[in-house]
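Listed here are the chains, written in short residue letters.
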Amino acid sequence: MSNAMYNKMWHQTQEALSSLLDKESEKMTEPQRNQVFIFQMLATFYIKYVQIFRNLENVYDQMVHPQKRILIRKLLDGVMGRILELKNEMVELELTEFHYLDDILQDLKLVPQQLDIPIPKYFLKERLEVIKGREKILAQLLADSGLGITEEKYPVKPIPLEEAVKLIQVAERARQGRLRAMFMKQIYLQEFRAMQARLLGERVADVGTAALCIQKVWRGFHQCKRTEREREEEMIFLGMNPPPLFNEVSAALIQADRVTHLRDEVQVKHEEEYRDALVTIKDDLKLIEGPDIKENLQDEIRRWFIECRNLTGTFPNYPTEEEGGSAIIFSNKTRQQVIEDIIASQEEEEKNKKKKEEEKPKKGKKGKEKKETKEKNKDEGEGWQMSPSVFLHMMQEGNNVYKDLWKNKDESWNVPQGYDPELIKADKRKELESEIRLQVDELMRQELKNLKLAVNREMELSGKTGRKKGSKEKDKKRKVGKKDKDPTADRTIESLYKELVEEGLLIQALKVNLSDYIGDYSYLGSTLRQMSTEPMPSLLDVRQLITLYGILPLGSEAVHEKAPLVKSLLLAGPSGVGKKLLVHAICTETGANLFDLSAANIAGKYPGKSGLQMMLHMVLKVARQLQPSVVWIGDTEKTFYKKVPNAEKKMEPKRLKKQLPKILKLLKPDDRILIVGTTQRPFDAELQPLCKVYQKIILVPRPDYASRYVLWKEIIQRHGGVITGALSVSCLAKITDGFTQGHIVQVVKEVLTERRIRQQTHKPLTALEFIPPLTSMSPVYQEEEESFKDWYAKTPMSKKRALALTGDNKENEKDKGKEKEKKGIKEKKKK
């Protein structure tokens, strides 16, 4: 795609965003009471913002103009944050993490795949050098400490020379035996044919009958092939089978990849030119326009001194640097406006003094009035209103900038989409003015002091005494606020990092993308909920929550600081469903460090209370300095055991139980640190402390039929398998009900050996080959799944949802009873 196409895409997306912002501002003011209508409204906004987010992410990734990219980045972060806010509103309304939007998607004529939230590429692109450097250091440290030795695919065992010779001899004799057997078979067949010819006699066959026989066989063979081809074409036409070159990469895609790489290079080049221009243009403005700006500011401030003296009889107090200096007084104001402000400030001071005197006896009455108003509001039962958004203002500002600058801008002169020097000049003029203003403020403060001394020396002396007192009070305040001592203040981050790696607390994350967590959508979610049965979440629902709660906040600073803060996640599910894969995927997609604080990993390390505190201090310090970071607690049920088993008492699994809530309190919105716990036996843990630590609990289920179908197909193809008509994938998906992703991967690895992959050309894969390895594996039984459902029903959010549903049912029953009574009264009146 060309620059013009991406510009067009941006303009279209911007129009959609502005119309959506207008709609949302209208709905924000209207209080609503119907819960179904509220959820539909929130869901439609959510889906539309996701579509805008997808387009903006694509535009930001491929746009070459550096100044446009700054604005798009601001909008992208705003939309990202708004999606998280809407998700939070939907969770609070429905009291569940999983939502099924089939009806709304159908109304908007969208496919469920369009609801998938993309991960912005700039998370890794803009930090690529830092991440690569850190990976090299980590790999080196792991290699030095001997922790980074990975097991080979085919481990080589050294054997003595005699055994090696014997093995070669056995192989050679076997080869010679096979060749001899083939040779003997050929001799036998020749002799057999000769014997057959002797017995039957040498009959000369009729040429016509021989030709007819050959024709029959050939025509039958040709017709079979033709019918097979026609059937395949019909299935492709109906969409039942993929086209022949479906899995092969087309030339157009290869060309598109090349273009994107070229665009990335141009993008980097334009960014460098833009940074250089920021410095050079500012220096030029300083030389040319700097002296004039300084003179104008001095003249303006001197006029203000004289006008204040004429109006009030005294010189004004000059604003301090903390207050903003003279910029507060002269920010986009004319002389008359400044004079009006001076008069207004004097009148306000007099009014405030009078009000304070009058309000002193009335304080008791106000408290009572407030309580009465609150009680009235509760009794009235006001309708639901959307909570105020932090990101709407950001998006509106960005939208206004787009309308003012870029919407109708003529860019015919800027075909290569480099930087715009005029825009840089406008921005740098403001910067230069603020810098010069600081210098001017210092000069004018001194000038004002001299004027005051000349006019009234007593005022100057009282001002000095007041300042001295203020400075003493500040010193006292400084002495009172003492910070906690840092036990590792004398150590560098590099040394702490090295120690954590050597102790095995900072580990290397596996190179796994979130797209590797394969699955399909739940197409029956909304229908099951209408039948008042809670469906199990699909794998793609889980993937979406990981993106929303884990990846987006960790990847973007602006989103993490302002969006609803999620400090901790719990992934609960049976073994083999991909919980660890999701943890590693969060780290890979955001370039985060991975700290392993599992009970088994920290056993015997940093013993005692002081050792534990030191360990946690080091982990948090390194995690903050090298953020984003993920703190993983595997088998987290061990940390919250109801009763510690005798075999695990030496390990002290409950070491972190009291420390985890303290760690969560220490984490601030600026700290891009996420605590992720994984568990396959959550029912062994104490529920209350577990739910207090983990803010969001995500139930990771075993795959359903649709997900298993996609899994079998993808995993077979990834391991070198070819799917033909002989392999029934739907049959495999049906048979493996109850088996997890881990089981499926293990089976495919066992079946698809290198030899079997080579044999596929003449011996295609069949479903029967995958069944024998499955027989030795134990699936997730219905009882285990029910135990997970029962445990999840006891979590705080599930309890709230259950109470809300029972409350709604009772209200419906009451309404039905009232209607029946009314009907009865009407019938009596008629009689």
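Note that this is a predicted model, so its numbers are computed, not measured.

Chemist: Help me understand the environment of glycine 591, please; the structure alone is not making it clear to me.
Modeler: Take glycine 591: it is sitting in the loop between helix H20 (579–590) and strand E3 (593–596). Along the primary structure glycine 591 and arginine 134 are separated by 457 residues, whereas in three dimensions their C-alpha atoms are 9.8 Å apart. Residues within four places of glycine 591 in sequence aside, it is in contact with Leu124, Arg127, Ile131, Arg134 and Pro628.

Chemist: Sorry, what's going on with helix H27 (residues 741–751) here?
Modeler: Since one α-helical turn is 3.6 residues long, residues separated by three or four positions face the same way. What H27 keeps buried is the set Gln741, His743, Ile744, Val747, Val748 and Val751. Projection of H27 onto a plane perpendicular to its axis shows the buried side chains occupying an angular sector of 160°, all on one side.

Chemist: When you look at helix H18 (residues 539–555) in this model, what are you seeing that I'm missing?
Modeler: Over its 17 residues, H18 runs 22 Å from end to end, which matches the ideal 24 Å to within 8%, given 1.5 Å per residue. Of all bends in H18, the biggest is about 35°, found at threonine 547. Burial of H18 is extensive: 17 of the 17 residues sit out of reach of the surface.

Chemist: Got a minute to help me understand the sheet that holds E3 in this structure?
Modeler: Strand-to-strand pairing in sheets goes through backbone hydrogen bonds, with the strands running parallel or antiparallel. Strand order in the open sheet formed by six strands is E1-E3-E4-E5-E2-E6, with mixed pairing between adjacent strands. In this open sheet, the two edge strands, each paired with only one partner strand, are strand E1 (506–507) and strand E6 (696–699). Both strand E4 (residues 629–634) and strand E5 (residues 673–679) contribute to a ladder of six bridges, which runs parallel. The partner of valine 630 across the bridge, within E5, is leucine 674. Running over the sheet, H18 touches strand E2 (568–572), E4, E5 and E6 and is turned about 145° from E6.

Chemist: Looking at this structure, how should I read a positive patch on the surface?
Modeler: There is a patch of like positive charges on the surface, built from Lys609, Lys658, Lys662 and Lys665. The topology assignment puts lysine 609 in helix H22 (residues 608–625).

Chemist: Before we go on, may I ask you to explain the side chain of threonine 588 in this structure?
Modeler: Residue placement: threonine 588 occurs in helix H20. Looking at threonine 588, the relative accessible area reads 13%, which means it is buried. Within the structure, threonine 588 has its side chain in polar contact with the backbone oxygen of valine 512 (distance 3.1 Å). Contacts of threonine 588, omitting those with residues within four sequence positions, involve Leu124, Leu510, Lys511, Val512 and Asn513.

Chemist: Explain the confidence of the model for the protein here, please?
Modeler: As a general rule, the predicted coordinates of low-pLDDT regions are not to be interpreted in detail. Scored by pLDDT, the protein has a mean of 82; 85% of the residues are at 70 or more. Segment residues 360–381 is flagged for pLDDT under 50; beyond a separation of four residues in sequence, or across chains, it makes four contacts in the model. In the predicted structure, residues 464–482 sits below a pLDDT of 50 and forms one contact with residues beyond four places in sequence or in another chain.

Chemist: I keep staring at a negative patch on the surface and nothing clicks. Help me out?
Modeler: A cluster of acidic residues, Glu321, Glu322, Glu323 and Glu442, forms a negative patch at the surface. Assignment of secondary structure puts glutamate 442 in helix H14 (residues 421–455). The exposure class assigned to glutamate 442 is exposed, which follows from its relative accessible area of 52%.

Chemist: In this structure, what is going on with the pattern of salt bridges? I would like to understand it.
Modeler: Two side chains with opposite charge may pair up if their charged atoms get near one another. Under the criterion given, the structure shown has 37 salt bridges. Arginine 681 is the partner of aspartate 684 in a salt bridge, and the nearest nitrogen-oxygen pair spans 2.7 Å. Exposure remark for aspartate 684: the relative accessible area of 24% places this residue in the partly exposed category. Among the charged side chains, a network of salt bridges with common partners joins Glu57, Asp61, Lys121, Lys125 and Asp264.

Rules and cut-offs
- Residues numbered from 1 in each chain as written.
- Predicted model: local features only at pLDDT ≥ 70, side-chain atom pairs only at ≥ 80, totals over all residues.
- Heavy atoms only, no water.
- Helix = DSSP H or I, 4+ residues; strand = E, 2+ residues; numbered from the N terminus.
- Contact = heavy atoms within 4.5 Å.
- Buried < 20%, exposed > 50% of the residue type's maximum accessible area, 1.4 Å probe, protein only.
- Arc of directions from axis to C-beta.
- Expected span 1.5 Å × (residues − 1).
- Bend = angle between axes of the 7 residues up to and from the residue.
- Pairing = 2+ DSSP bridges.
- Axes fitted to C-alpha atoms, helices over the stretch in contact; angles between N-to-C directions.
- Patch = residues over 30% accessible without salt bridge, like charges linked within 9 Å, V, L, I, M, F, W, Y side chains within 5 Å.
- Areas by Shrake-Rupley, 256 points an atom, 1.4 Å probe, with all protein chains shown as cover.
- Salt bridge = Lys/Arg side-chain N within 4 Å of Asp/Glu carboxyl O.
- Lys, Arg positive; Asp, Glu negative; His and termini not counted.
- Charge placed at Lys NZ, Arg CZ, Asp CG, Glu CD.
- Polar contact = N/O pair within 3.5 Å; in protein donor to acceptor, adjacent residues only side chain to side chain.
- pLDDT = per-residue confidence, 0-100.

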